[in-house]
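Structure assessment
Residue strings, one per chain:
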Amino acid sequence: MQLQRELQSETTGTNDAGPVKSAARALDLLDDIAANGPGTQLQLSTRLSIPKSSLHALLRTMTDRGWLQTDPTGSVYQLGIHSLVVSSAYLDGDPALARATAVLDEVAAATQETVHLGRLDGADVIYTAKRESVHPLRMHSAVGRRLPAYATSLGRALLAEMPADARRDLVPESISAITPRTTTDKDAVLEIIDRAADQGYATESEESCMGVRCFGVALPLSHDAVDAMSIAVPISRLGDGREDLIIETLLSVKARLAAVHGNSMVR
């Protein structure tokens, strides 16, 4: 009944277009569980500042529809199978990801290292595709993982394609460290991004994953620079000119895609 009252109140009154509270809460709930993990009704109510009475009906509806599911006790809510179905449909239907598939395979075969594709989402970068290294020592990551753009080679490569003012807006004043090596001074981060803009590629060493150095380039897969590719390599495997080979591979792919798609990203 509470959910029905909310829906009725949302459909009466003004005709101005605007957010629908119950829909916004459902999306906030999915975002929160994806970011912070499963929770009980009380925990989710606290995390989202939603009254328990309203949340109860929302949880029941989303569980019935498969967006959420509960643990064996029925008290802890987590993402449901329908979330995976929709995520898979997004990945299958995205034209930029389809164009990048062959390039991912090519770079993975040439370097034999872990290759990521990522997309800028606000101030973060989200992994959208991955090819595993052939080596047993590799970077542990997953498609769908979200990280701050300022701390990753993927994100830095994309920020480097923006005007300086836009870069500054997307780097927070107070930076939280992901690892003990994360650069947390804003001006230092902006200098790193400036250097990436001059070079045409970005790097980070142990700032998002200890023991791993990453190299990234923005890819001209669409009109705007929102997709990037990175190669993640354990530092122990970076001797004998291997770093130069990885950078040359990425810049070559970037130049070839720019020629095909008529994009001017290449410096």
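Residues numbered from 1 in each chain as written. Predicted model: local features only at pLDDT ≥ 70, side-chain atom pairs only at ≥ 80, totals over all residues. Heavy atoms only, no water.

The subject of this paragraph is helix 3 (residues 41–48). In an α-helix, one turn spans 3.6 residues, which is why side chains three or four residues apart end up on the same side. Those residues of helix 3 not exposed but buried are Q41, L44 and S45. Down the axis of helix 3, the buried set is contained in an arc of 100 degrees. They therefore lie on one face. Turned more than 90 degrees off the buried face of helix 3, the exposed positions are L42 and T46. Two residues or fewer past helix 3, S49 is found with a positive phi of approximately 55 degrees. (Buried < 20%, exposed > 50% of the residue type's maximum accessible area, 1.4 Å probe, protein only. Helix = DSSP H or I, 4+ residues; strand = E, 2+ residues; numbered from the N terminus. Arc of directions from axis to C-beta.)

Here the focus is the sheet that holds strand 1 (residues 39–40). On the basis of which strands lie adjacent, the open sheet formed by three strands has the order 1-3-2 and antiparallel pairing. In the strand order of this sheet, the two ends are held by strand 1 and strand 2 (68–70), each with one partner. Where strand 1 meets strand 3 (residues 76–79), two bridges bridge the pair, whose relative direction is antiparallel. Within strand 3, the residue paired with T40 across the bridge is V76. (Pairing = 2+ DSSP bridges.)

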